[in-house]
Amino acid sequence: MADISASFAGLSLRKCIYNASGARSMTPEELAALGNSEAGAILTKSCTLLPREGNPEPRYQDLEWGSLNSMGLPNLGYEKYIELSPELKKYGKPVFASVSGLSLEDNMKIIEAMNASEFDAVELNLSCPNIPGKPQVGYDFEDTEKYLEEISAICRKPLGLKLPPYFDFAHFEQMAGIIKKFRVRFLSCINAIGNALVIDSEKEIVIIKPKGGFGGLGGRYIKPAALANVRKFHELLPDIPIIGVGGIFTGRDVFEFVLAGATAVQLGTVLMQEGTSCFGRVARELEEIMDKKGYPSLERFRGKLKVIE
Ligand SMILES: Cc1cc2nc3c(=O)[nH]c(=O)nc-3n(C[C@H](O)[C@H](O)[C@H](O)COP(=O)(O)O)c2cc1C
């Protein structure tokens with residue numbers, strides 16, 4: 001049977017597939033379910049300084065090809081996740097904290113506290129599209145550099161970044177140039193495509209309440225954009241492991257992300273729709289494809305996407 005283990009940021013995952021932040025990863029019960037599942041790691045919902053209720057409902061809708069959400073970072077507050085961290089370690093897999101403070105100062109406070117936690121690594125979310133009045137840090141290159149300067153100076157856990165999708169080669173290069181200056185141990189690409197609009201034409205109405213119906217698009221709609229971001233950052237930053245996220249529903253999807261250069265992958269919308277059984281199913285589908293193709297491990301085809309000469 002093919003080996004689908006992965007290692008990055010000094011951590012070993014028995015399987016390269018785990019949850020995306022925010023999908024069934026907020027409550028102690030949800031995190032325990034991830035621990036008991038076949039997910040290769042546990043990643044928390046993005047936490048803020050204080051607990052948050054998030055945006056008014058309806059704020060998540062399944063769509064034929066994915067999902068639309070404007071959750072607004074509902075979470076239990078960073079202290080609760082730190083308190084849960086020893087419990088989460090008992091499942092014997094790496095445990096990641098997603099951090100999404102609402103300001104640089106908030107992030108500094110949270111990261112400082114994370115240093116003394118049982119978390120194995122931190123995924124700093126620079127790309128939440130759903131906070132009314134707050135633009136995504138990852139789209140402001142000056143702010144991103146300032147955040148990284150300050151945060152990487154105090155973070156003693158392996159630090160990764162959750163990035164928004166970029167759509168222009170100049171922006172990929174600008175972001176890669178900034179990331180290179182700091183000790184970033186992994187990149188998770190991509191967050192939902194922000195501020196998408198879905199309309200119920202029968203009722204002539206939007207489908208979620210916050211922000212006049214604008215929300216983050218996930219699922220199959222965004223897979224090509226996610227693959228492109230993984231590919232581009234893998235080309236520009238070959239020494240930084242890239243975690244692929246966006247539209248992964250099957251083992252074939254994972255295979256394509258690894259071909260594009262991903263070291264591991266995260267499941268978001270499919271976890272919302274199918275529950276934690278998706279991890280085992282997708283893993284088995286990936287193993288089957290690798291066995292058929294004669295690839296004993298992910299290294300054999302990682303990044304080896306061919307182009308048409
Ligand atoms: C309900 C929901 C909540 C999310 N919350 C977060 C979050 O707190 N932090 C974050 O970095 N991404 C969050 N995301 C984005 C996902 O982690 C992921 O990047 C995105 O949904 C694309 O993956 P997918 O196509 O598999 O859904 C959320 C997505 C959904 C559907």
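Novice: Please explain the overall build of the protein as it appears in this structure.
Specialist: On a plain count of helices and strands, the protein comes out with nine helices and 16 strands. Its C-alpha atoms give the protein a radius of gyration of 18 Å, within 12% of the compact-globule value 19 Å for 309 residues. For the protein, with 309 residues in total, the buried portion stands at 51%. For the protein, the proportion of contacts with a sequence separation of at least 24, taken over those separated by at least 6, is 74%.

Novice: Is there a simple way to explain the packing of helix α3 (residues 104-114) against helix α4 (residues 141-154) in this structure?
Specialist: For any two helices packed against each other, the geometry comes down to the angle between their axes and how far apart the axes lie. In the contact formed by α3 and α4, the axes pass within 10 Å of each other and the chain directions differ by 20°. Overall, the two elements α3 and α4 adopt an arrangement that is roughly parallel. Handedness of the α3/α4 crossing: right-handed. Across the interface between the two elements, Leu-104, Asn-107, Met-108, Ile-111 and Glu-112 from α3 touch Lys-146, Tyr-147, Glu-150, Ile-151 and Ile-154 from α4. Residues that form the contact of α3 with α4 fall into these classes: six nonpolar, one polar and three charged.

Novice: Explanation requested: the nonpolar core in the structure shown.
Specialist: Within soluble globular proteins, side chains that are nonpolar tend to cluster in buried spots. Residues Ile-17, Ile-42, Val-122, Leu-187 and Val-265 are the most contacted members of the largest nonpolar core, which totals 87 residues. Examining the composition of this core, we find that six residues originate from one element, helix α9 (residues 277-293), more than from any other. Not counting chain neighbours up to four residues away, the residues in contact with Ile-17 comprise Ala-39, Gly-40, Val-254, Val-265, Leu-267, Phe-279, Val-282 and Ala-283.

Novice: What am I meant to see in the sheet that holds strand β15 (residues 242-245) here?
Specialist: With respect to topology, eight strands assemble into an open sheet ordered β3-β16-β15-β10-β9-β8-β7-β4, the strand pairing being parallel. Taken across any chain shown, the strands that pair with only one partner, and hence form the sheet edges, are β3 (17-19) and β4 (42-43). Of the pairings in the sheet, the one linking strand β9 (residues 159-163) to strand β10 (residues 186-189) comprises four bridges and is parallel in character. Within the sheet, the bridge partner assigned to Leu-163 lies in β10 and is Cys-189.

Novice: Sorry, what's going on with α4 here?
Specialist: Owing to its 3.6 residues per turn, the α-helix brings residues three or four apart onto one side. Taking 1.5 Å as the rise per residue, α4 with 14 residues should run 20 Å; its terminal C-alpha atoms sit 20 Å apart, in good agreement. Three or more residues of α4 are buried, namely Thr-144, Tyr-147, Leu-148 and Ile-151. Summarising the axial view, the buried residues of α4 lie within an arc of 100°, below the 170-degree limit, and thus occupy one face. Exposed and facing more than 90 degrees away from the buried side of α4 are Glu-142 and Ala-153. Lining the buried residues of α4 we find α3, β8 (121-125) and α5 (169-179).

Novice: So what exactly am I meant to see when it comes to the site of the ligand here?
Specialist: The environment of the ligand is made up of 29 residues, and the closest members are Ala-20, Gly-22, Gly-218, Gly-268 and Thr-269. Counting only elements with at least two residues in the shell around the ligand, the list comes to β6 (66-69), β14 (214-219) and α8 (269-274). For the shell around the ligand, the element with the most residues is β6, which contributes three residues. Considering only residue class, the shell around the ligand consists of 11 nonpolar, 16 polar and two charged.

Novice: Explanation requested: the sheet that holds strand β5 (residues 60-63) in the structure shown.
Specialist: In a beta sheet, neighbouring strands pair by backbone hydrogen bonds and run either parallel or antiparallel. On the basis of which strands lie adjacent, the open sheet formed by four strands has the order β5-β6-β14-β11 and antiparallel pairing. Looking at strand neighbours, the two that pair on one side only are β5 and β11 (193-197), the edges of this open sheet. The mean inter-strand angle of the sheet, taken between neighbouring strand axes irrespective of direction, is 35°. Of the pairings in the sheet, the one linking β5 to β6 comprises four bridges and is antiparallel in character. The residue bridging Tyr-60 from the neighbouring strand is Asn-69, located in β6.

What counts and how
- Residues numbered from 1 in each chain as written.
- Predicted model: local features only at pLDDT ≥ 70, side-chain atom pairs only at ≥ 80, totals over all residues.
- Helix = DSSP H or I, 4+ residues; strand = E, 2+ residues; numbered from the N terminus.
- Rg over C-alpha atoms; globule rule 2.2 N^0.38 Å.
- Buried ≥ 20, exposed ≤ 12 C-beta atoms within 10 Å, placed from the backbone.
- Contact = placed C-beta atoms within 7 Å.
- Axes fitted to C-alpha atoms, helices over the stretch in contact; angles between N-to-C directions.
- Parallel < 35°, antiparallel > 145°, perpendicular 65-115°, else oblique.
- Left-handed = near helix turned anticlockwise from the far one by under 90°.
- Nonpolar A, V, L, I, M, F, W, Y, C, P; charged D, E, K, R; others polar.
- Core = buried A, V, L, I, M, F, W, Y, C linked by C-beta atoms within 7 Å.
- Pairing = 2+ DSSP bridges.
- Expected span 1.5 Å × (residues − 1).
- Arc of directions from axis to C-beta.
- Near = placed C-beta within 6 Å.

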